[in-house]
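Descriptive analysis of the structure
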Amino acid sequence: MRWFLLLCLFWPTSVWAKTPPQWRLTYQDIVAARNNPIGVMNLIEVTGRYRLSESDHLLLQDTHVSAGPFFDLNPAAAYLGGVVRIKPLAILQISMSHAWVGYFGTFGLVQSFDDSGIDYSDTQLNINEDNGENFATTGTATKLEGVLQAKAGPAAVRSTFLGVRYHLDTKGKPIWFDTGLDVLAPRRGWVIKNDLDVLWVSDFGLAAGGRWTWTHPFLGEHSRDSQTTDRVGPIAVYRWGVDPGSRFDSPTIVVMAQWYTRHVYRTGEDVSQALPYVAAGFLFSGDLIPW
């Protein structure tokens, strides 16, 4: 449900000194920024969580169902919606969210087009903005997310799938540039993305490795050529202050740098392939009712 996935990575829940209560009221706050393309976010989520199992079995630790509202505000847009999440196994999590989204008309957004044959490089988007071709608009975004992960010793693998269906007012044109996913997107249709992480996980709060990100929009008859993108590079996560059941738990810093291996305009056509996608974020969570 976000352009920069920052969920806690692979640390076991066995650090808990006691079994959490059946019902919990939790929150999560994520602040992040990136470059190439530029973007920032501040996501706040509050969920009621129901524990599914008290088992000590590795596959049944921290299984739960949760639901609640979220709010994401940045200088370009605001999202307000709700999310439902189920974690039936320690290795699997499935989420669905639906949100109202409003774009403010800032930072060159939103710009819409008739087909994918147009120039949507950073240079051209800036020219379009100078010509007043961007506009404020509203719509909705429905997201499906699935996380599958496994860990053996210090080695961990995680695959995160995201599907986004937009329903956006784009002044009658069928596609628009989605700066969040960095692709042309349909005004009414799907974009899918997958992040594959391979990490070494320490016992002192650090996880480090690599991430491959693959993104594909479904533009239908409005697509002249492939709009699929790929980027790959290192990622590092550091977590400290683990205090389950408290109001402030597990502050975490995430940094990553990825280089584009496939993108119409970020592999030398407009932006040098040597310039990486760089992102950094800070997140923390907790229980609004401590236990």
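All of these numbers come straight from a predicted model, not from anything done at the bench.

How each quantity is defined
- Residues numbered from 1 in each chain as written.
- Predicted model: local features only at pLDDT ≥ 70, side-chain atom pairs only at ≥ 80, totals over all residues.
- Heavy atoms only, no water.
- Helix = DSSP H or I, 4+ residues; strand = E, 2+ residues; numbered from the N terminus.
- Rg over C-alpha atoms; globule rule 2.2 N^0.38 Å.
- Contact = heavy atoms within 4.5 Å.
- Areas by Shrake-Rupley, 256 points an atom, 1.4 Å probe, with all protein chains shown as cover.
- Polar contact = N/O pair within 3.5 Å; in protein donor to acceptor, adjacent residues only side chain to side chain.
- Pairing = 2+ DSSP bridges.
- Core = buried A, V, L, I, M, F, W, Y, C linked by side-chain atoms within 4.5 Å.
- Buried < 20%, exposed > 50% of the residue type's maximum accessible area, 1.4 Å probe, protein only.
- Axes fitted to C-alpha atoms, helices over the stretch in contact; angles between N-to-C directions.
- pLDDT = per-residue confidence, 0-100.
- Salt bridge = Lys/Arg side-chain N within 4 Å of Asp/Glu carboxyl O.

Once that is clear, we can look at the overall build of the protein chain. A tally of regular secondary structure across the protein chain gives 1 helix and 15 strands. A compact globule built from 291 residues should have a C-alpha radius of gyration of about 19 Å, and the protein chain, at 20 Å, falls within 12% of that. Summarising its shape, the C-alpha atoms of the protein chain cover approximately 60 × 35 × 30 Å along the three principal directions. Counting only contacts in the protein chain whose residues sit at least 6 apart along the sequence, the fraction spanning at least 24 positions is 62%. Roughly 13000 Å² of accessible area belongs to the protein chain as shown, and the carbon and sulfur atoms make up 63% of that amount.

With respect to the secondary-structure elements, R266 resides in the loop between strand 14 (249-262) and strand 15 (277-287). Through-space distance from the C-alpha of R266 to that of S121 is 8.2 Å; in sequence the pair is 145 residues apart. Dropping the residues within four chain positions of it, R266 is found in contact with N36, P37, D122, D182, Y260, V271, S272 and Q273. Polar contacts involving the side chain of R266 include one to the side chain of N36, which spans 2.8 Å. Here D182 takes part through its side chain, which lies 2.8 Å from a polar atom of the side chain of R266.

The subject of this paragraph is the sheet that holds strand 9 (residues 175-178). Read from one edge to the other, the open sheet built from 3 strands follows the order 6-9-10, with strand pairing classed as antiparallel. Because the sheet does not close on itself, it has two edges, and the strands there are strand 6 (112-113) and strand 10 (183-186). Here strand 6 runs beside strand 9; their pairing, made up of 2 bridges, is antiparallel. In the sheet register, S112 faces strand 9, and the bridge partner there is W176.

A few words now on the nonpolar core. Counting residues in each nonpolar core, the largest one holds 26 residues, and the members touching the most others are Y79, Y103, Y166 and W176. Only strand 1 (23-35), strand 2 (39-51), strand 4 (77-89), strand 5 (92-103), strand 8 (155-168) and strand 10 provide two or more residues apiece to this core. Looking at which element gives the most residues to this core, the answer is strand 8, with 4 residues. Each residue touching Y166, except ones within four places of it in the same chain, is listed here: T140, A141, W176, D178, L181, A185, P186, R187, R188, G189 and V191.

Once that is clear, we can look at unusual backbone geometry. With an omega of 5°, the peptide bond running from N36 to P37 counts as cis. In this structure, P37 sits in the loop between strand 1 and strand 2. Despite not being glycine, D62 has its phi angle at roughly 60°, a positive value. Structurally, D62 can be placed in the loop between strand 2 and strand 3 (64-73).

Moving on to the sheet that holds strand 12 (residues 206-217). Read once around its circumference, the closed barrel built from 12 strands follows the order 1-2-3-4-5-7-8-11-12-13-14-15, with strand pairing classed as antiparallel. The sheet shows a mean angle of 20° between the axes of neighbouring strands, direction not considered. By the bridge criterion, 12 bridges tie strand 5 to strand 7 (residues 137-152) in an arrangement that is antiparallel. Of the residues in strand 7, the one forming a bridge with Y103 is T137.

Turning to the confidence of the model for the protein chain, a few remarks are in order. Of all residues in the protein chain, 94% attain a pLDDT of 70 or more, and the chain-wide mean is 94. This model gives residues 1-10 a pLDDT under 50, and the stretch forms 59 contacts once residues within four places in sequence are excluded.

Inspection of every chain in the model, using the stated rule, returns 12 salt bridges. As a salt-bridge pair, E54 and R51 come within 3.4 Å of each other at their nearest N and O atoms. You can call R51 buried: its relative accessible area is 10%. Here R211 and D197 are joined by a salt bridge, their closest N and O atoms 2.6 Å apart. Placement of R211 in strand 12 and of D197 in strand 11 (residues 188-201) is noted, with a sequence separation of 14 residues between them. What makes D197 buried here is its relative accessible area of 0%.

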